[in-house]
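# Structure assessment
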Amino acid sequence: MFDPRPLVDIASAIGREAGALVQRMRASAVVSFDTKSTSTDVVTAADRASEQLVRTRLSELRPGEPVLGEEEGGSVVEGLTWVVDPIDGTVNYLYGIPWYSVSIAAQLDGESVAGAVFEPATGRMWTAARGHGSFLDGSPLRVSTTTDLSLSLLGYGFAYRPERRQRQADAWARMAARVRDLRRAGAASLDLCSVAAGRLDAYTEHGLGRWDWAAGGLIAAEAGAVVRLPGSSPELGEDATFAAAPGIADAMHSALVESGYGKV
Ligand code: LIP
């Protein structure tokens, strides 16, 4: 019987080491950056150094297994693939906002079986192995027991393209009166971990990379969340990621559709 837990140990150890590098680079130098898809989509030298470290360690510990990373690319193949976001929440990192992670997942035929999300700024480690639960620093995680949409806390994000951001903002304006409140924290992996911990009752975002959700989506699912990954909920948008406490998942999904979120 396949046991994914050893893969969590590898992801955690490498994530912690890469996180220490990221933190040293943040502390020792003015963070310079380049841009990618738009002028606000940034990548720093630390992103690149972190991914190179993760790739080097994986080649040592798991020789021959492919890696898909945000900065150097790759692809998901049959069998085992490692999926890496070297810094998730790069804009937060650039501004010195301590809410960013190193996210490493192992996927089997494209489905996450092990994941670790490490917070370099705090040292907190979020983990999950498929079928074995999810944890924060070893303590079990469980989603919230919320059943009232109007008392739910909804996390969300924005696209980099200004024209889509405005359409998304219009949808969020229509959601604002239907939930307790909204939170935009800027790191998808940690938003998904927040759903797992009951710190958010739901989270959704368009346009995430596989590296953004591969570990955090498993952590949320193993904590009892309803998780819908890109391509599984056309009503929310082909590129939508959605995670919610089961008590409000259907009501939140319906409210988002009614707000026009699925058509932004
Ligand atoms: C970020 C996500 C965030 C999203 C940003 C960006 P990155 O990932 O974590 O949720 O809103 O646009 O995609 O680029 O920092 O790895």
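## Brief notes about the overall build of the protein
Assigned secondary structure in the protein consists of seven helices and 14 strands. Its C-alpha radius of gyration of 17 Å places the protein within 12% of the 18 Å reference for a compact globule of 264 residues. Summarising its shape, the C-alpha atoms of the protein cover approximately 50 × 45 × 35 Å along the three principal directions. When burial is assessed residue by residue, the protein has 52% of its 264 residues classed as buried. Taking the intrachain contacts of the protein between residues at least 6 apart in sequence as the baseline, contacts between residues at least 24 apart amount to 63%. Accessible area for the protein stands at about 11000 Å²; split by element, carbon and sulfur atoms hold 52% of it.

## Quick word on the domain arrangement of the protein
What the domain assignment lists for the protein is domain 1 (5-140) and domain 2 (149-263). Here the C-alpha centroids of domain 1 and domain 2 sit 21 Å apart. At the interface, 39 residues of domain 1 touch 24 residues of domain 2. Across the domain 1 to domain 2 interface the summed buried area is about 2300 Å²; carbon plus sulfur atoms make up 64%. When the buried surface of domain 1 facing domain 2 is broken down by residue, Asp88, Trp99 and Trp126 rank first, second and third, together holding 26% of it.

## Side note on unusual backbone geometry
Residues other than glycine predominantly adopt negative phi, and peptide bonds predominantly adopt the trans conformation. Backbone geometry places Asp109, a non-glycine residue, at a positive phi of 50 degrees. If you check the backbone angles, Asp137 has positive phi at about 50 degrees while not being a glycine. On the secondary structure map, Asp137 appears in the loop between strand E8 (134-136) and strand E9 (139-140).

## Some details on the environment of Gly138
Looking at the secondary structure, you find Gly138 in the loop between E8 and E9. The exposure class assigned to Gly138 is exposed, which follows from its relative accessible area of 56%. Between the C-alpha atom of Gly138 and that of Ser75, which follows or precedes it by 63 residues, the distance is 31 Å.

## What about the nonpolar core?
Formed by 51 residues in total, the largest nonpolar core has its most connected members in Trp126, Leu154, Trp172, Met175, Ile219, Met252 and Leu256. Breaking this core down by element, the ones donating at least two residues are strand E7 (125-129), strand E10 (153-156), helix H4 (162-175), helix H5 (188-197), strand E12 (202-206), helix H6 (210-222), strand E14 (240-244) and helix H7 (249-258). Counting the residues that make up this core, at least three belong to each of domain 1 (5-140) and domain 2 (149-263). Every residue in contact with Ile219, bar those within four places of it in the chain, is listed here: Val117, Trp126, Thr127, Ala128, Ser134, Leu141, Cys193 and Ala196.

## Let's talk about the site of the ligand
Neighbouring residues of the ligand: 15 residues in total, closest Asp88, Gly89, Thr90, Ala188 and Glu205. One of the side-chain nitrogen or oxygen atoms of Asp85 is found 2.9 Å away from an oxygen atom of the ligand. The separation between an oxygen atom of the ligand and a polar side-chain atom of Asp212 is 3.3 Å. Taking 370 Å² as the accessible area of the ligand by itself, protein coverage stands at 93%. When contributions to the shell around the ligand are tallied by element, the ones reaching two or more residues are strand E4 (80-88) and E12. Along the lines of polarity and charge, the residues of the shell around the ligand split into six nonpolar, three polar and six charged. Mapping the shell around the ligand onto the domain boundaries places at least three of its residues in each of domain 1 (5-140) and domain 2 (149-263).

## Focus: the sheet that holds E12
Pairing in this open sheet of five strands is mixed, and the strands run E11-E10-E12-E14-E13 from one edge to the other. Both edges of this open sheet fall to strand E11 (181-183) and strand E13 (226-228), since each of them pairs with a single strand only. Mean inter-strand twist for the sheet, computed between neighbouring axes without regard to direction, equals 15 degrees. Note that E12 and E14 share five bridges and pair antiparallel. Each bridged residue has a counterpart across the sheet, and for Ala202 the counterpart in E14 is Ala244.

## Looking at the sheet that holds strand E3 (residues 67-69)
With mixed pairing, the seven strands of this open sheet are ordered in space as E3-E4-E5-E6-E7-E8-E9. Looking at which strands have only one partner, the edges of the open sheet turn out to be E3 and E9. Where E3 and E4 come together, three bridges link them in parallel fashion. Its bridge partner lying in E4, Gly69 is registered against Val84. Packing against the sheet, H6 makes contact with E3, E4, strand E5 (101-108), strand E6 (111-118), E7 and E8, and its axis sits at approximately 95 degrees to E6.

Scoring rules and cut-offs
- Residues numbered from 1 in each chain as written.
- Predicted model: local features only at pLDDT ≥ 70, side-chain atom pairs only at ≥ 80, totals over all residues.
- Heavy atoms only, no water.
- Helix = DSSP H or I, 4+ residues; strand = E, 2+ residues; numbered from the N terminus.
- Rg over C-alpha atoms; globule rule 2.2 N^0.38 Å.
- Buried < 20%, exposed > 50% of the residue type's maximum accessible area, 1.4 Å probe, protein only.
- Contact = heavy atoms within 4.5 Å.
- Areas by Shrake-Rupley, 256 points an atom, 1.4 Å probe, with all protein chains shown as cover.
- Domains from an automatic or database assignment.
- Buried area = accessible area lost by both parts, 1.4 Å probe.
- Core = buried A, V, L, I, M, F, W, Y, C linked by side-chain atoms within 4.5 Å.
- Near = heavy atom within 4 Å.
- Polar contact = N/O pair within 3.5 Å; in protein donor to acceptor, adjacent residues only side chain to side chain.
- Nonpolar A, V, L, I, M, F, W, Y, C, P; charged D, E, K, R; others polar.
- Pairing = 2+ DSSP bridges.
- Axes fitted to C-alpha atoms, helices over the stretch in contact; angles between N-to-C directions.

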